[in-house]
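Examination of the molecular architecture
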Amino acid sequence: MLSPFIKLRDDCVLCQKLMNAKNENDFLFDGGNHFLVYKSPFAQKWPGALMAVYKRHIYEHSQIRGNELLDTLQSLVCLEKAIIKVTKCKRINFVKFANVANHLHWHIIPRYYKENYLDKCSWELLDVAKEDLYKNFEPHFFQKNQNLYANLRKEYTFEIHHRDSSYFGCALFLRARDKNKRNNIWKLSLDEIIKSARENPSEWECLLMKRNYFDFAWDFIGGNSDINEFPEYTMIREVKEEVGWKILHYREICRQWKQGTIKGFVYLAIPEEKQYMDDDPPRTPCDEVQSVKYFNLCEIIKSNHFSDSVRGRIKAFIDKRSDFLSIDP
Ligand SMILES: [Zn+2]
């Protein structure tokens, strides 16, 4: 969660909160590269209010490194989107004070339709009792919190994965259908594997993962590129994050287009871990992956079970097309 290359301070209450996140009652989840997410003190009056604490001890936005600025803002916007979606609020108060705790952090506060003082800032209302803040005060509004925060986490994960990104990079892991032939893969070059799979696709299977969020669909292992990240490194990073494997060799096999631009790249990939061809291959657990499974290439193309993207990638690979157009949203 925290990089070993940052120094936090013993005399800062938010640095302490970062270091002891696991033991903090209000800690909710890791927001990625830049911040941890906690329940905001504002959540007592505005359920769903979150506090994002920057992972370095700095004070101002101008101290965020230039190359991290855009990604930080994009991640915060994902938090905002998650709150809007889950709470169905009227608007968001998005604030950075750092007056009490002198360490960069933000409060993202949903403001609800049924509030009495919607024209006032949330921090101006701290002296107003929560019963007086809302028309038709309903105690259960404040008690439904367990699901609320679990849903915020789920929607944030979804938004992070679907944020605008230049490209995605994903891995095509292949194995022979016949168990006895699987180990031959170690004697073949990437070109020979590609040739063999294209000539006899029904003899080859491809590994897909079942997403553990949003639509719970089967997809390739991979994800969206970070700012300024080459898609091949995205694929290598995502494979490491999602299953814990280290890629030994890879080769670009097709480019997925959408609305006139390239959306992503698919790479045939061979990991270092030899057991990757097992039925239930050993992998490191990842919140975003429910399970992984091999499917026959010909069955993937024929089945409506899989998205247009998944089928399109396999079909483009077999048809030796380096480019294909995707219709998935
Ligand atoms: Zn600090």
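As annotated in an unreviewed UniProt entry, the chain carries the name Nudix hydrolase domain-containing protein and comes from Fluviispira sanaruensis.

Turning our eyes to something else, we now look at the UniProt feature "domain: HIT" (unreviewed entry) in the chain. Here, UniProt's "domain: HIT" (unreviewed entry) annotation points to residues 47–118. Here residues 47–118 is 31% helix and 24% strand, with 15 Å between the C-alpha atoms at its ends.

As a further point, take the sheet that holds strand β14 (residues 323–325). A sheet is described by the order of its strands in space; here five strands give the open sequence β10-β6-β12-β11-β14, paired in mixed fashion. The open sheet has two edge strands, β10 (221–224) and β14, and neither has a second partner. On average, each strand axis in the sheet is inclined to that of its neighbour by 25°, with strand direction left out of account. Pairing between strand β11 (residues 247–258) and strand β12 (residues 261–271): 10 bridges, direction antiparallel. Pairing of isoleucine 247 across the sheet is with proline 271, part of β12.

Moving on: the coordination of the zinc ion. Looking at the zinc ion, one finds its protein donor set to be Cys12 (SG), Cys15 (SG), His57 (ND1) and His103 (ND1), positioned 2.0 to 2.3 Å from the metal centre. Bound by four donor atoms, the zinc ion shows angles of 103 to 113° at the metal and therefore tetrahedral coordination geometry. In the primary structure, the donors to the zinc ion are separated according to the pattern C-x2-C-x41-H-x45-H. Remark: histidine 103 occurs in the loop between β4 (91–95) and β5 (105–111) and histidine 57 occurs in the loop between β3 (50–54) and α2 (66–87); sequence separation between them is 46 residues. Just as histidine 57 is buried, histidine 103 falls in that class too.

Applying the stated criterion across every chain, the model contains 22 aromatic pairs. With 4.9 Å between their ring centres and 85° between their planes, tyrosine 112 and phenylalanine 141 make a pair best called edge-to-face. Within this pair, whereas tyrosine 112 is found in the loop between β5 and α3 (130–133), its partner phenylalanine 141 is found in helix α4 (residues 140–143), the two being separated by 29 residues in sequence. When its relative accessible area of 6% is taken as the criterion, tyrosine 112 is described as buried. According to the relative accessible area criterion, phenylalanine 141 is buried, its value standing at 6%. For the pair tryptophan 218 and phenylalanine 295, a centre-to-centre distance of 5.0 Å together with 75° between the ring planes defines the contact as edge-to-face. With tryptophan 218 in strand β9 (residues 218–219) and phenylalanine 295 in strand β13 (residues 289–296), the pair connects residues that are 77 residues apart, well separated along the chain.

A separate point is the environment of lysine 81. Tracing the chain through its elements places lysine 81 in helix α2. Among the residues examined, lysine 81 registers a relative accessible area of 41% and is labelled partly exposed. Once the C-alpha coordinates of lysine 81 and glutamate 205 are considered, the two residues, 124 residues apart in sequence, prove to be 38 Å apart.

Side chains three or four residues apart in an α-helix point the same way, a direct result of the helix having 3.6 residues per turn. Of all 11 residues in helix α9 (residues 308–318), eight are buried, a share of seventy percent or more. Ser309, Val310, Gly312, Arg313, Ile314, Ala316, Phe317 and Ile318 are the residues of α9 that are buried. Positive backbone phi, approximately 55°, marks lysine 320, located one or two places after α9.

Analysis parameters
- Residues numbered from 1 in each chain as written.
- Predicted model: local features only at pLDDT ≥ 70, side-chain atom pairs only at ≥ 80, totals over all residues.
- Heavy atoms only, no water.
- UniProt positions renumbered as here; feature names shortened; annotations may be inferred.
- Helix = DSSP H or I, 4+ residues; strand = E, 2+ residues; numbered from the N terminus.
- Pairing = 2+ DSSP bridges.
- Axes fitted to C-alpha atoms, helices over the stretch in contact; angles between N-to-C directions.
- Donors = N, O, S within 2.8 Å, 3.2 Å for Na, K, Ca; no water.
- Tetrahedral: all angles 85-135°; square planar, octahedral: opposite > 155°, others 65-115°.
- Buried < 20%, exposed > 50% of the residue type's maximum accessible area, 1.4 Å probe, protein only.
- Phe/Tyr/Trp six-rings, centres within 6.5 Å; stacked < 30°, edge-to-face > 60°.

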